[in-house]
Amino acid sequence: MRHIIAFFLFLMPAVLPLSAQESAQQKIPQNRAEITLSFAPLVKKTAPAVVNIYAKRVVETAVSPFAADPFFRDFFRGFESTRPEVQNSLGSGVILTSDGIIVSNFHVVAQATDIRVVSNDGREYDAAILLSDEESELAILKITSYLEFRFLKLSESESLALGKLVLAFCNSLGVGQTLSNGIVSGIGRSAVARVA
């Protein structure tokens with residue numbers, strides 16, 4: 001099953017200079033022109049650090065000649081043979097350091113045997129999992145090439161507040177990098193319900 005993942009980036013504090021941050025945090029849009037200001041300059045600065053991730057994993061799949069017949073399928077359950085099957089997943093990630101450390105989601109790379117990272121200009125790199133945690137749904141990857149990459153600096157979590165504008169980069173259905181915007185709707189949530 002293909003996964004769709006939106007990776008939320010709290011970019012305004014990470015990209016704007018401090019004085020601009022302070023004025024942006026205190027000023028409320030006053031007219032239609034201020035509300036419809038373009039995110040294009042921010043996206044242009046940020047996009048090189050946002051990557052698409054393609055992962056492959058090999059899983060053993062049960063094969064039975066009775067799979068289509070409910071009676072015999074249940075009767076012969078446990079006697080099936082298995083065969084390896086390649087599953088693909090995709091998602092997004094953000095480069096956090098110049099040497100290619102990336103944060104992404106656990107479900108994108110869990111049990112992956114091959115991970116490819118594709119930058120917004122189409123270049124591809126191999127990557128490996130450094131750390132992963134199913135509980136927090138996070139994975140830390142490392143691009144194996146010895147190159148310097150554009151990266152985003154993480155902001156302090158204390159600067160996050162309800163109602164702040166955020167941009168979401170994602171790789172929906174493998175069509176490439178797409179973008180949407182929204183607001184922070186909740187913070188400090190320790191339990192997240194998972195939908196299968």
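About the thresholds
- Residues numbered from 1 in each chain as written.
- Predicted model: local features only at pLDDT ≥ 70, side-chain atom pairs only at ≥ 80, totals over all residues.
- Heavy atoms only, no water.
- Helix = DSSP H or I, 4+ residues; strand = E, 2+ residues; numbered from the N terminus.
- Areas by Shrake-Rupley, 256 points an atom, 1.4 Å probe, with all protein chains shown as cover.
- Polar contact = N/O pair within 3.5 Å; in protein donor to acceptor, adjacent residues only side chain to side chain.
- Pairing = 2+ DSSP bridges.
- Core = buried A, V, L, I, M, F, W, Y, C linked by side-chain atoms within 4.5 Å.
- Buried < 20%, exposed > 50% of the residue type's maximum accessible area, 1.4 Å probe, protein only.
- Contact = heavy atoms within 4.5 Å.
- Salt bridge = Lys/Arg side-chain N within 4 Å of Asp/Glu carboxyl O.

Q: Explain the overall build of the chain to me, please; I cannot follow it from the model alone.
A: Each helix and strand counted, the chain has six helices and nine strands in total. Counting only carbon and sulfur atoms, one obtains 58% of the accessible surface of the chain, whose full area is about 13,000 Å².

Q: Which parts of the structure should I look at to understand the environment of D121?
A: Here D121 is to be found in the loop between β5 (114-118) and β6 (124-133). Residues D121 and A47 lie 74 residues apart in sequence; the distance between their C-alpha atoms is 9.4 Å. A distance of 2.3 Å separates the side chain of D121 from the side chain of S119, its partner in a polar contact. Side-chain polar atoms of D121 contact the side chain of R123, separated by 2.9 Å.

Q: What should I look at first to understand the pairing of strand β7 (residues 138-143) in this one?
A: The side chains of a regular strand alternate between both faces of the sheet. In this structure, strand β4 (residues 101-104) lies alongside β7, joined through four bridges in antiparallel fashion. Looking across to β7, one finds that I101 is bridged to K142. Between β6 and β7, which follow one another and run antiparallel, lie four residues, and E137 among them has a positive phi close to 60 degrees.

Q: What is the right way to read unusual backbone geometry from this model?
A: Outside of glycine, negative phi angles account for most residues, and trans bonds account for most peptide bonds. Notably, Q111 is not glycine yet its phi reads approximately 60 degrees, a positive angle. Mapped onto the elements of the fold, Q111 is located in the loop between α6 (106-109) and β5. With phi around 60 degrees, E137 is a residue other than glycine that occupies positive phi space. Relative to the helices and strands, E137 is located in the loop between β6 and β7.

Q: Looking at this structure, how should I read the nonpolar core?
A: Core analysis: the largest hydrophobic core is formed by 15 residues, its most contacted members being I53, I102, V109, I115, V117 and L141. Sorting the residues of this core by element identifies β2 (50-63), α6, β5, β6 and β7 as the ones contributing at least two each. Look past the residues within four positions of V117 in its chain and what remains in contact with it is V51, N52, I53, I102, R123, E124, Y125, A127 and I143. Among the nonpolar cores identified, the runner-up in size contains six residues, and V43, A47, V50 and L167 belong to it.

Q: How should I be thinking about the pattern of salt bridges in this particular structure?
A: When their charged atoms lie close together, side chains carrying opposite charge are able to pair. If you walk through the whole model with that rule in mind, you get three salt bridges. Across the pair D126 and R116 runs a salt bridge, and its minimum N-O distance is 2.4 Å. Residue D126 is located in strand β6, and its partner R116 is located in strand β5; the two are separated by ten residues in the primary sequence. In this structure, D121 engages R123 in a salt bridge whose closest nitrogen and oxygen atoms are separated by 2.9 Å. With relative accessibility at 47%, the residue D121 sits in the partly exposed group. Look at R123 and you get partly exposed, because its relative accessible area is 48%. Each of R116, E124 and D126 takes part in a single network of salt bridges with overlapping partners.

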